Every structure is written in C-alpha cells, then in structure tokens.
Amino acid sequence: MEAKTKDLWVFVETNEDGTAKNVGIELLTPGHDMAVKQGGALVAVVIGSGVDAAVQAASEHGADKVIVVDGPEYATYTTDAYAIALCTLVEKYGPTSMLIGATNNGRDLGPRVSCRLKTGLTADCTGLDVDAESGNVAWTRPAFGGNLMATILCPDHRPQIGTVRPGVFKKGEAGEAKAEIIKEDIHVDAADIRTQILELIKEEGGETVDLEGAEIIVSGGRGVGGPEGYAPIKELADLLGGVVGASRAAVDAGWIAHAHQVGQTGKTVGPKLYIACGISGAIQHVAGMSGADCIVAINKDPDAPIFDIADYGVVGNLFEVLPVMIDEIKKLKA
C-alpha cells in the first residue's frame, strides 16, 4: 500500500493492568528524531482494555498524537484481534513507518501485520536511522549469528515496519501531556478470534528477572566455573540493589536459568552500571549490553575483548576481586 502521511507510528504495548510496557515508551525517543527527519508526526498506537495509563504515558513522553483502541476483546493479547485492529488503523491513516517492541507479543504481531499489508519487516533491530531525502528507514540488526551488523532498507513498500529490542533505547523524561487523543471504535467478532487463553502457567522453577528494567546488573560468564560460582555475583548484586545476569555460555551449561541471559539470544539491557565477571566479551553478548552507561569488566585474561568496551577493567580472578569489592562496599554502607 502507499503511505497517506509521513507520520511515524510507535506501537505501545500494554500490561494486563493497562499500563505501558517500557519498550513502547523507549521507542518514542528515537521515534521523535525519525519523525522529524521524515517530516511527519510521532503517533503512539495503544490497543488494549482500560488503557488510560498507557495513553497518559505515551502523551507525557513526546507523542504528538495517540490513537487508542479500547475494548474487552483486547484485554488479553491474541494475534487475530490485535492484527485486525492494527491493520484497520494502518489502512485508514497510512503511516510511512512503524516501530514495534520485540517482545514475545511484538514478535508475533509484527510479521502478521506486515504480511497482511504486503510490506516488509526487519526483526530484532538494534539501530535506527532515516534518510531525510527518501524517507527510507535504515534498520540495523545483527546478522550471521551476531558476527556482523546488517543495515536493511524497505524502499518500495509502505509502511516500513521493524521490531526493536527492549532496552536498546533509553526512556525519555516525562513532560507535559500535550498529545492529541484519537479514539477509534474497532471491535472484533468473537468468531474472528481463533484462539483463546485458557490458563497461564508459570514455568516450573522459573524466575521473574527484570533485566530490561534494572539499573544495575552483575553478570557472570564461563569464568564462574559452575552454579556455585554465582554466589559472590548474587551477593554483590543484592548489595548494590541490582539483578544477576549471565552469558549464553553459562546458561547453556545449565549453571543458571535462561531468564538471566544477556545478549543476542537473551535480553538487551541498558543499565546505569553493568559489571561483567568472567565474561570474555563475544560479540553476541556485547550486542545485548553495550548500551550500559558504565561497564566494569573483571577477567583474568588481559586480552579479553570485553576490555575493549569496558569503562573500567580489572585483570584478575573474579573470586579474588569480588570479595574485596563486597567488603569495601559494605564498609561504605556502614
């Protein structure tokens, strides 16, 4: 389809309580600059049930307009209901590009919508830019197992759609809510929703780890040597009020649950402080944590690639370094 406007849309996914998920608000930050380059408005799209809080958050974080679809059929995410609603909106307003958070739901919704609209989709992006002259979005994402970064264009079809990993961009400061609120009455017949959530079952022994929202993360890699090696890492994380992260090598070895994994096949994070313990710094891991404000690396190999991106580096055995750090922090807190 052809674009009817130069507007850039950000799909703001909601939680069960109607609040906005962080990634949608995060995407309003690059979305603002991209919309300016495209010469259009920044539009947040909120679909759900009882979503006033999400609408307010989108308005406070820079959206020029907020399009709202609110109905009981959207209380729980289903591919059919959300795809129908979003496609209906796109066909009516014709944005030139759209950003969707690469959450579980976003990764499901994005491809379905792009297929119905007969346009392209770039998945799991970690970088965004716009060519002001053509209006084409330059979508950057890891390729070939994370060994290089590819930049992808969609010059012939609109809207241009991409999913972007949570934590890649920083959430801006909230300001005055100035957005124009546009309410759309779109209802989906029950017969058109082919799936139904009967029960939500938590993973046995699973943990809820908010890596994406954490301000401090202490991560351990192959250098921890085994499950017991995470004891000082957890102690340091608890002491700092942070959470425990891990590299893929440690997760694959079964030393810690996948919920803690940072990297290309885990979570993308952007904390204020990231402490990497016994992590070599493979590009797949770096792709998930290089956005941290401050990176501290502890590794006994002075040539480890992690030191190339670290703000501070300690060459030494983590089991000798961490106890000293823990003792010093306890003294400061006392």
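Each remark here, short or long, concerns the structure printed above.
In this report, the structure presented in the accompanying data block is examined.

Thresholds, definitions, all that
- Residues numbered from 1 in each chain as written.
- Predicted model: local features only at pLDDT ≥ 70, side-chain atom pairs only at ≥ 80, totals over all residues.
- Heavy atoms only, no water.
- Axes fitted to C-alpha atoms, helices over the stretch in contact; angles between N-to-C directions.
- Helix = DSSP H or I, 4+ residues; strand = E, 2+ residues; numbered from the N terminus.
- Parallel < 35°, antiparallel > 145°, perpendicular 65-115°, else oblique.
- Left-handed = near helix turned anticlockwise from the far one by under 90°.
- Contact = heavy atoms within 4.5 Å.
- Nonpolar A, V, L, I, M, F, W, Y, C, P; charged D, E, K, R; others polar.
- Pairing = 2+ DSSP bridges.
- Right-handed = clockwise from strand over helix to strand, strands pointing away.
- 1 Å grid on protein atoms, 1.4 Å probe; cavity = no way out; pocket = protein on both sides within 12 Å on 5 of 7 lines; lining within 4 Å.
- Points joined across faces, edges and corners; volume = space filled by probe spheres on them.
- Buried < 20%, exposed > 50% of the residue type's maximum accessible area, 1.4 Å probe, protein only.
- Arc of directions from axis to C-beta.
- Core = buried A, V, L, I, M, F, W, Y, C linked by side-chain atoms within 4.5 Å.
- Expected span 1.5 Å × (residues − 1).
- Bend = angle between axes of the 7 residues up to and from the residue.
- Salt bridge = Lys/Arg side-chain N within 4 Å of Asp/Glu carboxyl O.

1. What to know about the packing of helix 3 (residues 79–93) against helix 4 (residues 104–116)
The geometry of helix 3 relative to helix 4 is characterised by a closest axis approach of 10 Å and an angle of 50° between their N-to-C directions. On the basis of their axis angle, the class for helix 3 and helix 4 is oblique. Helix 3 and helix 4 meet at a crossing whose hand is right-handed. Together, Thr79, Asp80, Tyr82, Ala83, Ile84, Leu86 and Cys87 of helix 3 and Asp108, Leu109, Arg112, Val113 and Arg116 of helix 4 make up the contact between the two elements. Of the residues belonging to the contact of helix 3 with helix 4, the class tally is seven nonpolar, one polar and four charged.

2. A closer look at the pairing of strand 3 (residues 65–70)
A regular strand carries its side chains on alternate faces of the sheet. Across six bridges, the pairing between strand 2 (residues 42–48) and strand 3 is parallel. Bridge pairing links Val45 to Ile67 in strand 3. Viewed along the sheet, the connection from strand 2 through helix 2 (residues 52–60) into strand 3 turns out right-handed.

3. Examining the layout of surface pockets
Approximately 1800 Å³ is the volume found for the largest pocket. Along its surface, the largest pocket is lined by 45 residues, and Lys21, Thr103, Asn104, Thr208 and Lys267 are the ones closest to its centre. Counting only elements with at least two residues in the lining of the largest pocket, the list comes to helix 1 (22–38) and helix 4. Among the residues making up the lining of the largest pocket, the classes are represented as 14 nonpolar, 19 polar and 12 charged. In this structure, the second largest pocket encloses a volume near 440 Å³. Looking at the lining of the second largest pocket, the elements that each hand over two or more residues are helix 6 (248–252), helix 7 (283–289), strand 14 (294–299) and helix 9 (318–333). Of the residues contributing to the lining of the second largest pocket, the split by class is eight nonpolar, 16 polar and four charged.

4. Notes on helix 5 (residues 231–240)
Buried within helix 5 we find Pro232, Ile233, Leu236, Ala237 and Leu239. Looking down the long axis of helix 5, one finds its buried residues gathered within 160° of arc, a one-sided arrangement. If you follow the buried residues of helix 5, they end up packed against strand 11 (216–220), strand 12 (243–246), strand 13 (273–277) and helix 9. Positive backbone phi, at 75°, marks Gly241, one or two positions downstream of helix 5.

5. Some points on the sheet that holds strand 3
Strand-to-strand pairing in sheets goes through backbone hydrogen bonds, with the strands running parallel or antiparallel. Taken in spatial order, the seven strands line up as 5-9-4-1-2-3-10 in an open sheet, and their pairing is parallel. Unpaired on one side and paired on the other, strand 5 (121–125) and strand 10 (180–183) mark the two borders of the sheet. Direction aside, neighbouring strands of the sheet carry axes that sit 20° apart on average. For strand 4 (residues 97–101) and strand 9 (residues 160–164), the ladder comprises five bridges, and the chain directions are parallel. When the bridges of strand 9 are listed, Leu99 appears paired with Gly162.

6. Looking at the nonpolar core
In terms of nonpolar packing, the biggest core is built from 30 residues, with Val10, Val12, Leu28, Val66, Leu99 and Leu128 touching the most fellow members. Top element by residues in this core is helix 1. It accounts for six residues. Residue contacts for Val66: discarding those within four places in its chain leaves Ala44, Val46, Val55, Ala58, Ser59, Ala179, Glu180, Ile181 and Ile182. Counting residues in hydrophobic clusters, the runner-up holds 28 residues, among them Leu89, Met98, Leu117 and Val188.

7. Structural notes on helix 1
With 17 residues, helix 1 extends 24 Å from end C-alpha to end C-alpha; this agrees with the ideal 24 Å at 1.5 Å per step. The sharpest bend along helix 1 reaches about 35° and sits at Pro30. By the burial criterion, the buried members of helix 1 are Val23, Gly24, Ile25, Glu26, Leu27, Leu28, Pro30, Gly31, Met34, Ala35 and Gln38. Of the residues trailing helix 1, Gly39 is marked for its positive phi of about 80°.

8. Things to note about the pattern of salt bridges
Under the criterion given, the structure shown has 12 salt bridges. Taking the shortest distance from any N to any O, the salt bridge between Asp129 and Lys37 comes out at 2.8 Å. On the criterion of sequence distance, the pair formed by Asp129 in strand 6 (residues 127–130) and Lys37 in helix 1 is long-range, its members being 92 residues apart. Taking the relative accessible area as the measure of exposure, Asp129 reaches 38% and is therefore partly exposed. Judged by relative accessible area, which is 38%, Lys37 ranks as partly exposed. The shortest N-O distance in the salt bridge between Lys234 and Asp238 comes to 2.9 Å. With Lys234 and Asp238 both in helix 5, this residue pair falls four residues apart, about one helical turn. Among the residues examined, Lys234 registers a relative accessible area of 48% and is labelled partly exposed. Taken together, the shared-partner salt bridges connect Arg107, Asp124 and Arg165 into one network.

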